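Read off the chains here:
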Amino acid sequence: MAGIQRNSLVGVLAIAMLLGSAVMSFRQLSLQSSEITQSIGSTVSITFQIVSDPSKTKPKVFGSNLAPTSYSFVASALLLESGLHTYRLRTPIRVFGSDTRLARLLPGQKVVASGRVKRTKESRVAGNFMVRGPITVLTPPSHWALVMASIRDGLRRNTPEGDAGALIPGMVLGDTSLQSESFRIAMKRSGLTHLVAVSGANFAIISLFVLWSAQWFFRRIRTRLIFTAVALGCFISLVRPSPSVLRAAAMASVVLCARGLGKRSDPVAALGFAIAAVIIGDPWQARDPGFALSVLATAGLILIAPRITIYLGRFTPKFLAEALSPPIAAVLMCAPILVALSGYFGLMSVIANLLAAPMVAPITIIGFFAALVSPIHPQISQYLLSFIYYPASWIAGVAHWASNFPVLNLGKGLIGFLITMAVISILILAKSRKILSILLLLSVIATSWIGNWPGGEWEIANCDVGQGDSLAINLGQHRAIVIDTGPDAGLEDRCLSQLGIENVELLVLTHFHADHVEGLAGLLRHRRVENAWVSNNDQSTIESQRVLTLLAPLLPQTPIRGAKVTMKSLRGPLSIEVLWPPNDAPPCNDLPGDGSVINNSSIALDIRTQDFSLLTSGDVEPCPQSQIEEGQVDILKVPHHGSVYQDSSFLYRVRPTISIISVGVGNSYGHPSPRTIAALARLRSRIYRTDMVGAIAIKARNHQFTVRTSGGAWWKKVRLA
């Protein structure tokens, strides 16, 4: 029977992919030939209808001089006016704009605006529309859209603070806007991210609860099923249609129809119909990792979980076998894609899912009721949310606990996918417990020792703190020099814990921009700071005051000094010299961007030992770079995240063997600049970017280097002479 089910699923998948490919080809052709595509580079007026909720994009700079906040959303272009020509169309576009009214728009509203059409990397939209100037809202939001928005806003507004509170909207409505970057990473590393992506589990919980509740109001089963179907339709509108939501909705419709007709529903047939319906309706879902993971997890529960339950039942109690089999099946099916996307695999994800599972249903059901009543009775909503705060705290604690365990780095892309597939195939096909035990032992050894970043000895480590800077220099015996602390306290604390740093002999905060100092609270957790150097420019005032407030309790034991040229220090075998800023105001008239005054007050350091030479310079731009007197160095922490603001003569003088660029994935600033990358490549410098390779650890011996990255496979240790 299992073989027949697998064959039928493969057949349905093949048919769905063929149909999806055909539909995608037609839609892609229509996008490429649309008037939007023909207008790329032109300034036009477009009337469009909102499709997705507007979301805030990151500001262009940090500090006191912020660029206008921008908002982004998907819309359907209805009317395009270019010169004397007017075109009626219905084409998806991505809209960007800084008008604050965009943030209050809801799906379904129509807007007209003028702007410029640009190329896009998104496959499902014809182009990016950059709004210039004010917008004109043509239609008010519908009553239905207002009700849905008030429910979502009410839940978000009444949720308690902290990671546990931020988890609740995600588990109930898929709203992760309240979650910090460090908590998102903890959820990802622990294998619990699926809990905050509304999927089949949410649909199952809500539908079963609604179906059970309907028996008190409706006697006939078909009436109850219709009521449940209507409730699920409203739920889809509330959570917004994502890939996993659409797949779960299609599958739930098959099950409900089968129950309504009095027939036993076949889960494989339901899953096959769901895949076909979603891919035909929206063929780009076939290329969406979230949709693939959702389908594979469901397939694992249907096809593999029963076999795992039988196998585990041979030597474990039945209740434990039934509890372990779903997370194991889901992990086995999803592991190849997860490794291909992230580059690593965490063995603790099964345990984390097992510990979190009992709390999912009460949080989903009670949180759903809290969301529904939030616009009417906020006090009742707050009471319900406070009740499920403790289960949510348990899941948040499990996520943080599990994320602290090492993971096995297998490499992103095809290599990681193939290795994971090979290991899983052996596990599934192995008949001997001895083989399984050996594989498990090897996995534990590889995860806890071989695959653990920073992997033993290191001299220089650049933390992966997103769009920001944080670098550590090892002094031995859990002591280090730390230069900047990044934008997130959780990420900073996590990185320094991985590095085993307990005592910071010297803390250097190059300048008071949030992406360099906002993570200070994380560094101060359970760590002693002996000395601190800070920028002599106290702008931005908000950040400098926050830093001084955090450091105040350390006085007078911890001296805090404003850094200036000629300051020197010896820390064990290291010699440290301040190269910038000068004592007086920086004599720079070349200020290319907002925040340049603060950037150009960054502390630049020359750090040397018998094993390496290192130059770090915060966010200094061309003017200071041209005045910094420095020769060739082994390692350069590239200024300003590799931005376009670089002095070519400076890069030529230092000619680094290794260039470290600390930058966030998909940042909106254009960092690093292709021009900067090209300049470093011409110097034959080996470039390491945190957005591509994760955290970076360098072992140095007599100016020869071994580089290890947290996002790379454990065997990819690069040795440089």
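Rules and cut-offs
Residues numbered from 1 in each chain as written. Predicted model: local features only at pLDDT ≥ 70, side-chain atom pairs only at ≥ 80, totals over all residues. Heavy atoms only, no water. Helix = DSSP H or I, 4+ residues; strand = E, 2+ residues; numbered from the N terminus. Buried < 20%, exposed > 50% of the residue type's maximum accessible area, 1.4 Å probe, protein only. Contact = heavy atoms within 4.5 Å. Areas by Shrake-Rupley, 256 points an atom, 1.4 Å probe, with all protein chains shown as cover. Phe/Tyr/Trp six-rings, centres within 6.5 Å; stacked < 30°, edge-to-face > 60°. Expected span 1.5 Å × (residues − 1). Bend = angle between axes of the 7 residues up to and from the residue. Disulfide = S-S within 2.5 Å. Pairing = 2+ DSSP bridges. Right-handed = clockwise from strand over helix to strand, strands pointing away. pLDDT = per-residue confidence, 0-100. Axes fitted to C-alpha atoms, helices over the stretch in contact; angles between N-to-C directions. Polar contact = N/O pair within 3.5 Å; in protein donor to acceptor, adjacent residues only side chain to side chain. Core = buried A, V, L, I, M, F, W, Y, C linked by side-chain atoms within 4.5 Å. Parallel < 35°, antiparallel > 145°, perpendicular 65-115°, else oblique. Patch = residues over 30% accessible without salt bridge, like charges linked within 9 Å, V, L, I, M, F, W, Y side chains within 5 Å. Salt bridge = Lys/Arg side-chain N within 4 Å of Asp/Glu carboxyl O.

As for the overall build of the protein chain
No. 1: A tally of helices and strands in the protein chain yields 24 helices and 26 strands.
No. 2: Across the 721 residues of the protein chain, 50% fall into the buried class.
No. 3: The contacts in the protein chain between residues at least 6 apart in sequence include a share of 69% that link residues at least 24 apart.
No. 4: When the accessible surface of the protein chain is split by element, carbon and sulfur atoms take 61% of a total near 33,500 Å².

Things to note about the packing of aromatic side chains
No. 1: Per the stated rule, a full pass over the model turns up 3 aromatic pairs.
No. 2: Plain terms: the ring middles of Phe 48 and Phe 129 are 6.3 Å apart, the flat faces sit at 70° to each other, and that makes the pair edge-to-face. Placement of Phe 48 in strand β1 (residues 43–50) and of Phe 129 in strand β6 (residues 128–131) is noted, with a sequence separation of 81 residues between them. In this structure, Phe 48 and Phe 129 share a single accessibility class: buried.
No. 3: Centroid distance Tyr 389 to Tyr 390: 6.0 Å. Interplanar angle 85°. Geometry classified as edge-to-face.
No. 4: Residue classification places Tyr 389 among the partly exposed positions, given a relative accessible area of 25%.
No. 5: Linked through ring pairs, Phe 48, Phe 73 and Phe 129 together constitute an aromatic cluster.

Quick word on helix α12 (residues 348–373)
No. 1: In this model, α12 (26 residues) spans 37 Å end to end at C-alpha, consistent with the 38 Å of a helix rising 1.5 Å per residue.
No. 2: By the largest-angle criterion, Ala 357 marks the main kink of α12, which is about 40°, and a proline, Pro 358, follows within four residues.

Section: the state of the cysteines
No. 1: For the coordinates displayed, the defined rule picks out 1 disulfide.
No. 2: The disulfide bridge from Cys 463 ends at Cys 495, spanning 2.0 Å between sulfur atoms. Residues Cys 463 and Cys 495 are joined through a disulfide that is left-handed, its torsion about the S-S bond being -80°. Residue Cys 463 is found in the loop between β10 (460–462) and β11 (471–476), and its partner Cys 495 is found in helix α16 (residues 489–498); the two are separated by 32 residues along the sequence.
No. 3: The class for Cys 463 is buried, based on a relative accessible area of 0%.

Focus: the pairing of strand β22 (residues 658–661)
No. 1: The side-chain alternation of β22 yields two buried faces, one formed by Ile 658 and Ile 660 and the other by Ser 659 and Ile 661.
No. 2: Relative to β22, strand β21 (residues 635–637) runs parallel, the two sharing 3 bridges. Bridging from a neighbouring strand, Leu 636 pairs with Ser 659 of β22.
No. 3: Handedness of the crossover joining β21 and β22 through helix α22 (residues 648–654) is recorded here as right-handed.

Topic: the confidence of the model for the protein chain
No. 1: In this model, the protein chain carries an average pLDDT of 81, and 85% of its residues clear a pLDDT of 70 or more.
No. 2: pLDDT under 50 marks residues 59–67. Its contacts with residues more than four places away, or in other chains, come to 21 contacts.

Some details on the sheet that holds β21
No. 1: A sheet is described by the order of its strands in space; here 7 strands give the open sequence β17-β18-β19-β20-β21-β22-β23, paired in mixed fashion. Each edge of the open sheet carries a strand with a single partner, namely β17 (568–571) and β23 (686–689). Averaged over neighbouring strand pairs, the angle between their axes works out to 20° when direction is ignored.
No. 2: On the sheet, helix α23 (residues 674–682) packs against β22 and β23 and is oriented at approximately 145° with respect to β23.

Let's talk about the side chain of Asp 691
No. 1: Structurally, Asp 691 is set in helix α24 (residues 690–693).
No. 2: Taking relative accessible area as the criterion, Asp 691 reaches 15% and is therefore assigned buried.
No. 3: For Asp 691, the side chain forms a polar contact with the side chain of Arg 689, separated by 2.8 Å.
No. 4: When near neighbours in sequence (up to four residues on either side) are disregarded, Asp 691 contacts Val 663, Gly 664, Val 665 and Pro 672.

Considerations on the environment of His 703
No. 1: Topologically, His 703 is positioned in the loop between β24 (696–701) and β25 (704–709).
No. 2: Sequence separation between His 703 and Thr 609 is 94 residues; the distance between their C-alpha atoms is 9.4 Å.

A word on the nonpolar core
No. 1: Formed by 41 residues in total, the largest nonpolar core has its most connected members in Leu 167, Met 171, Leu 173, Met 187, Leu 192, Leu 195 and Ile 395.
No. 2: Counting only elements with at least two residues in this core, the list comes to α3 (143–158), α4 (162–173), α5 (181–189), α6 (200–214), α7 (221–239), α8 (243–260), α12 and α13 (378–403).
No. 3: Sorting elements by how many residues they give to this core places α12 first, with 9 residues.
No. 4: In terms of nonpolar packing, the next biggest core, distinct from the first, is built from 28 residues, Val 508, Ile 603, Ile 660 and Ile 698 among them.

A look at the packing of α5 against α13
No. 1: At their nearest, the axes of α5 and α13 sit 8 Å apart, and the two run at 70° to each other. Overall, the two elements α5 and α13 adopt an arrangement that is roughly perpendicular. Residues Phe 183, Ala 186, Met 187 and Arg 189 of α5 form the contact with α13, whose participating residues are Ala 396, Ala 399, His 400 and Ser 403.

Some thoughts on the side chain of Ser 403
No. 1: Tracing the backbone through its elements, the reader meets Ser 403 in helix α13.
No. 2: Its relative accessible area of 2% is what places Ser 403 among the buried residues.
No. 3: A distance of 2.9 Å separates the side chain of Ser 403 from the backbone oxygen of His 400, its partner in a polar contact.
No. 4: Beyond its immediate chain neighbours, meaning those up to four positions away, Ser 403 contacts Ala 186, Arg 189, Ser 190 and Arg 494.

Focus on the environment of Ile 419
No. 1: Structurally, Ile 419 is set in helix α14 (residues 413–429).
No. 2: On the basis of relative accessible area, Ile 419 is assigned to the partly exposed category, the value being 29%.
No. 3: Separated by 79 residues in sequence, Ile 419 and Ala 340 have C-alpha atoms that sit 9.8 Å apart.

Focus: unusual backbone geometry
No. 1: In the segment running from Trp 580 into Pro 581, the intervening peptide bond is cis, with an omega of 10°.
No. 2: When you line up the elements, Pro 581 lands in the loop between β18 (574–580) and α20 (596–599).
No. 3: Here the amide bond leading from His 671 into Pro 672 is cis, since omega sits at -10°, within 30 degrees of zero.
No. 4: Looking at the secondary structure, you find Pro 672 in the loop between β22 and α23.
No. 5: If you check the backbone angles, His 641 has positive phi at about 60° while not being a glycine.
No. 6: Note on placement: His 641 falls in the loop between β21 and α22.

Considerations on a nonpolar patch on the surface
No. 1: There is a patch of nonpolar side chains on the surface, built from Trp 212, Trp 216 and Phe 217 and spanning about 470 Å² of accessible area.
No. 2: Here Trp 212 shows up in helix α6.

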